[in-house]
There are 2 protein chains.
Amino acid sequence: MSLLDIFKRRGSAPVARERLQVLLAYERSNRQRPDLVAVLREEIMAVIAKHVTVDQDDVQITMERGETMSTLEIDININIPNAAAA
Amino acid sequence: MSLLDIFKRRGSAPVARERLQVLLAYERSNRQRPDLVAVLREEIMAVIAKHVTVDQDDVQITMERGETMSTLEIDININIPNAAAA
């Protein structure tokens, strides 16, 4: 299964909208280490917001914290104002 | 299959090292739109480098560009100097 399939199988957004998905997984060597995923989350959102206008209702953020593995999933629907009328 | 399984099945780094994986997928509404994945790549690497010391040999970056879907995979092995002797 290639990387493209992982995202395709989640269903594709209608043509006039775009979709950006970010998955982060961090495997710590031990529990005392700071959780990099929580640290990176805000900064990665800030980088994205510099390039696309993001409406809070169109952003879904999911975090999972295991014993030594943390994951973060950011799923953003991007509205393209002009493309819809094209 | 939960998100954690996707990363677990790729094999886990030895205990004294940590691993950070970032997957990005961008579904454009049409080919003329700028490729957000290429734009975000450098800035996300810069955010990561602010928090962990990254050796170029320990970073693997893979980009796939389809008709309207682009994906980016960043796979970083992080060496933990003291943890190895713990």
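Data block above holds the structure.
What you see is a predicted model; the values in this text were computed from it and never measured. (Residues numbered from 1 in each chain as written. Chains lettered and ligands numbered in written order. Predicted model: local features only at pLDDT ≥ 70, side-chain atom pairs only at ≥ 80, totals over all residues. Heavy atoms only, no water.)

1. Describing the side chain of A:Asp35
All names here are of chain A. Stated precisely, the cut-off is as follows: Starting at the N terminus, helices and strands are each numbered in turn, a helix being any DSSP run of H or I of at least four residues and a strand any DSSP run of E of at least two. Classification of residues uses two cut-offs on accessible area relative to the type maximum, computed with a 1.4 Å probe and protein chains only: under 20% is buried, over 50% is exposed, and between them is partly exposed. Identification of polar contacts relies on pairs of N or O atoms within 3.5 Å, with a donor-acceptor requirement for protein atoms, meaning one able to donate a hydrogen and the other able to accept it, and with residues adjacent in sequence counted only if both atoms are side-chain atoms. In this description, contact between two residues means that some pair of their heavy atoms is separated by no more than 4.5 Å.
Turning to its location among the elements, Asp35 is positioned in the loop between strand 1 (17-27) and helix 2 (36-51). Asp35 sits in the buried class, given a relative accessible area of 8%. At a separation of 3.1 Å, a polar atom in the side chain of Asp35 contacts the main-chain amide nitrogen of Val37. Among all residues touching Asp35, those that are not within four sequence positions of it are Tyr26, Arg28, Arg65 and Ser70.

2. Focus on the pattern of salt bridges
Charged atoms that come close allow side chains of opposite charge to pair. Spelled out, the test is: Counted as salt bridges are all cases of a side-chain nitrogen of Lys or Arg within 4 Å of a carboxyl oxygen of Asp or Glu.
Tallied over the entire structure, the rule returns 12 salt bridges over all chains. Residue A:Lys50 pairs with B:Glu43 through a salt bridge whose shortest N-O separation is 2.9 Å. In this pair, A:Lys50 is assigned in helix 2 and B:Glu43 in helix 2 (residues 36-51), connecting two distinct chains. Where B:Glu42 meets B:Arg41, a salt bridge forms, and the shortest distance between an N and an O atom there is 3.2 Å. A relative accessible area of 51% means that B:Glu42 is categorised as exposed. Linked through salt bridges whose partners overlap, the residues forming this network are A:Arg28, A:Asp35 and A:Arg65.

3. A short note on the pairing of strand 2 (residues 59-65) of chain A
Residue and element names in this part refer to chain A. Note the threshold: Strand pairing requires that DSSP identify at least two bridges connecting the strands.
When strand 2 meets strand 3 (residues 69-79), the two strands line up antiparallel, connected through seven bridges. Across the sheet, residue Val59 finds its bridge partner in strand 3, namely Ile76. Adjacent in sequence and paired antiparallel, strand 2 and strand 3 are bridged by three residues.

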